[in-house]
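As a plain string of letters, each chain reads:
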Amino acid sequence: MNPSTEEAATSGTEATLAAWWKELLGVEVVRPEDHFLEIGGNSLMATVLSNRIESELGVEVSMVELFDTLRAVATLCDELRQEQTA
């Protein structure tokens, strides 16, 4: 495990998303500051990711919102989940 990658994951959501990005994009390392599009993502992959987030995390994230950094997407997912329980 690359310590600079894994220790930078500040939340369980970020770690989960990082694993999904790695799987979808076929990359070995995803850093919190990586942007989905810049590391090989496209709109079809974003649709798959959006559907997975909705089914497994229970929140809806638009494709536009996915075209951000891993950390920003994880933060958004956490915020949306907190709003649902508030």
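Note that the structure is a prediction, hence the values are computed from the model and not measured.

1. Some words on the packing of aromatic side chains
Consideration 1: Considering all chains together, one arrives at two aromatic pairs under this definition.
Consideration 2: Aromatic side chains Phe 36 and Phe 67 sit 6.5 Å apart centroid to centroid with 20° between the ring planes, which places their arrangement in the stacked category. In this pair, Phe 36 is assigned in the loop between α2 (12-25) and α3 (43-57) and Phe 67 in the loop between α4 (63-66) and α5 (70-85), connecting sequence segments 31 residues apart.
Consideration 3: Residue Phe 36 is classed as buried on the basis of its relative accessible area of 0%.
Consideration 4: For Phe 67, a relative accessible area of 29% translates into the label partly exposed.

2. What about the pattern of salt bridges?
Consideration 1: With the rule as written, the count across this model stands at three salt bridges.
Consideration 2: Linking Arg 71 and Glu 14 is a salt bridge whose minimum nitrogen-to-oxygen distance equals 3.1 Å. Placement of Arg 71 in helix α5 and of Glu 14 in helix α2 is noted, with a sequence separation of 57 residues between them.
Consideration 3: Classification of Glu 14 by relative accessible area gives buried; the value is 2%.

3. With respect to the environment of Val 64
Consideration 1: For Val 64, the location among the structural elements is in helix α4.
Consideration 2: Taking relative accessible area as the criterion, Val 64 reaches 68% and is therefore assigned exposed.
Consideration 3: When the C-alpha atoms of Val 64 and Ala 46 are compared, they prove to be 8.8 Å apart, with 18 residues separating the residues in sequence.

4. Overview of the packing of α2 against α5
Consideration 1: Relative orientation of the contacting elements α2 and α5 amounts to 125°, with a least axis distance of 9 Å. In terms of axis orientation, α2 runs oblique to α5. Between α2 and α5 the crossing geometry is right-handed. In this structure, α2 contributes Thr 13, Glu 14, Leu 17, Ala 18 and Trp 21 to the contact, and α5 contributes Leu 70, Arg 71, Val 73, Ala 74, Cys 77, Asp 78 and Arg 81.

Thresholds applied
- Residues numbered from 1 in each chain as written.
- Predicted model: local features only at pLDDT ≥ 70, side-chain atom pairs only at ≥ 80, totals over all residues.
- Heavy atoms only, no water.
- Phe/Tyr/Trp six-rings, centres within 6.5 Å; stacked < 30°, edge-to-face > 60°.
- Helix = DSSP H or I, 4+ residues; strand = E, 2+ residues; numbered from the N terminus.
- Buried < 20%, exposed > 50% of the residue type's maximum accessible area, 1.4 Å probe, protein only.
- Salt bridge = Lys/Arg side-chain N within 4 Å of Asp/Glu carboxyl O.
- Axes fitted to C-alpha atoms, helices over the stretch in contact; angles between N-to-C directions.
- Parallel < 35°, antiparallel > 145°, perpendicular 65-115°, else oblique.
- Left-handed = near helix turned anticlockwise from the far one by under 90°.
- Contact = heavy atoms within 4.5 Å.

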